[in-house]
Amino acid sequence: MKSDKAKIIAVAGKGGTGKTVIASLILKFLAEYGAERALAIDADPASCLPSTLGVKVNKTIGDIREEIASPSQVFFSEDMPTDMLIEYKIDEITVNTPQFSVLAMGRSEGIGCYCLINDMLRHFIDTLSGRFTTIVIDCEAGLEHLSRRTTRDVDTMLVVSDPTKRGIDTALAIKNLAEKLHIHFQHIYLVLNKVTEDEVVKTALLDMVKDSGLTLIGTVPEDENIRAYDLIGTPIIELPDDSKAVVAVKAIFEKIIGKNHESSPY
Ligand SMILES: Nc1ncnc2c1ncn2[C@@H]1O[C@H](COP(=O)(O)OP(=O)(O)OP(=O)(O)O)[C@@H](O)[C@H]1O
Ligand SMILES: [Mg+2]
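From a predicted model like this one, the values you see are computed outputs, not experimental measurements.

1. Concerning unusual backbone geometry
Alright, step 1. Phi at Lys194 is positive, roughly 60°, even though this residue is not glycine.
Alright, step 2. Within the element layout of this structure, Lys194 appears in strand β7 (residues 185-195).

2. Brief notes about the sheet that holds β7
Alright, step 1. Taking strand neighbours across the sheet as the criterion, the eight strands line up as β3-β4-β2-β5-β1-β6-β7-β8 in an open arrangement whose pairing is mixed. Since the sheet does not close on itself, it has two edges, and those belong to β3 (95-96) and β8 (216-221), each with one partner.
Alright, step 2. Bridge analysis of β7 against β8 gives five bridges, and the strand direction is parallel. The partner of Leu192 across the bridge, within β8, is Thr219.

3. Side note on the pairing of strand β6 (residues 154-161)
Alright, step 1. β6 sits mainly inside the fold: eight of its eight residues count as buried.
Alright, step 2. Across five bridges, strand β1 (residues 7-13) lies against β6 in parallel orientation. Paired with Ile9 across the bridge in β6 is Thr156.
Alright, step 3. The pairing of β6 with β7 spans seven bridges and is classified as parallel.

4. With respect to the site of ligand 1
Alright, step 1. Looking at ligand 1, there are 19 residues lining it, with Lys19, Thr20, Lys194, Asp223 and Asp230 nearest.
Alright, step 2. A distance of 3.5 Å separates a nitrogen atom of ligand 1 from a polar atom in the side chain of Arg227.
Alright, step 3. Considered on its own, ligand 1 offers 630 Å² of accessible surface; in the complex 81% of this is hidden by protein.
Alright, step 4. Among the cavities detected, the one that contains ligand 1 is the largest pocket.
Alright, step 5. For the shell around ligand 1, the secondary-structure elements that each account for two or more residues are α1 (19-32), β7, β8 and α9 (224-232).
Alright, step 6. Here the residues of the shell around ligand 1 are counted per class, giving five nonpolar, six polar and eight charged.

The rules behind the values
Residues numbered from 1 in each chain as written. Chains lettered and ligands numbered in written order. Predicted model: local features only at pLDDT ≥ 70, side-chain atom pairs only at ≥ 80, totals over all residues. Heavy atoms only, no water. Helix = DSSP H or I, 4+ residues; strand = E, 2+ residues; numbered from the N terminus. Pairing = 2+ DSSP bridges. Buried < 20%, exposed > 50% of the residue type's maximum accessible area, 1.4 Å probe, protein only. Near = heavy atom within 4 Å. Polar contact = N/O pair within 3.5 Å; in protein donor to acceptor, adjacent residues only side chain to side chain. Areas by Shrake-Rupley, 256 points an atom, 1.4 Å probe, with all protein chains shown as cover. 1 Å grid on protein atoms, 1.4 Å probe; cavity = no way out; pocket = protein on both sides within 12 Å on 5 of 7 lines; lining within 4 Å. Sits in = over half its atoms within 2 Å of the grid points. Nonpolar A, V, L, I, M, F, W, Y, C, P; charged D, E, K, R; others polar.

So, in structure tokens, the structure goes:
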């Protein structure tokens, strides 16, 4: 698919709910459905997404920020515009595989404001998104990314929750904050992850979702393969196609692309 601007899919939610697992599987399906260029952005300073995608990232945007801020940085011409410098540097640290590209945000360890990294990331998304058909952002836990407005102009925001009342409440808080900050999402959906087969529990959860007013795009079952893969560090994108969570995320993915694209997505 040729498009001027990449579709942005952001995955947010409370810590440990499964954001990285779901973002990884979405990238797997993007590749399988033939998205020409998909970019994965790991916006979580703890950086797990590259490893669940089976990719090694050596440098993060946080590292670049350090380099640009460092007075010892003499590699670039003084009159190179900062925008160009940032673009050059981001290109340098982006890991490209045949399926997708991966970029990690990392953390700024030194002086300066973490917001600068967000500014750089936003700049990157704004100016270079034409190179990619889809950008998937694995957000950090909680509401931080929203309050810093990293994920504005998102086409689809998936808010992942564990199968608990508290998780659903947090998901609702994320949606409400997004609206309060006037962050533009075309679609914002709840994903209930790690759902057990128990029908009574499922019914109770669906009732809670209905009461919350959130739109549920799908549920993802508790999948022992994910635990097993994570235990020994096997990339999540290598899960077999018939693994329970993979089947469920595929259905969610198809709903997302069905909403974002009128006909054949790629
Ligand atoms: N559907 C599932 N079935 C079984 N285990 C799962 C499932 N989804 C996620 N997990 C497990 O839950 C844990 C958290 O998953 P993950 O790292 O994707 O969450 P996260 O929201 O990205 O966490 P963090 O907030 O720390 O970034 C992992 O140990 C993972 O193996
Ligand atoms: Mg994560």
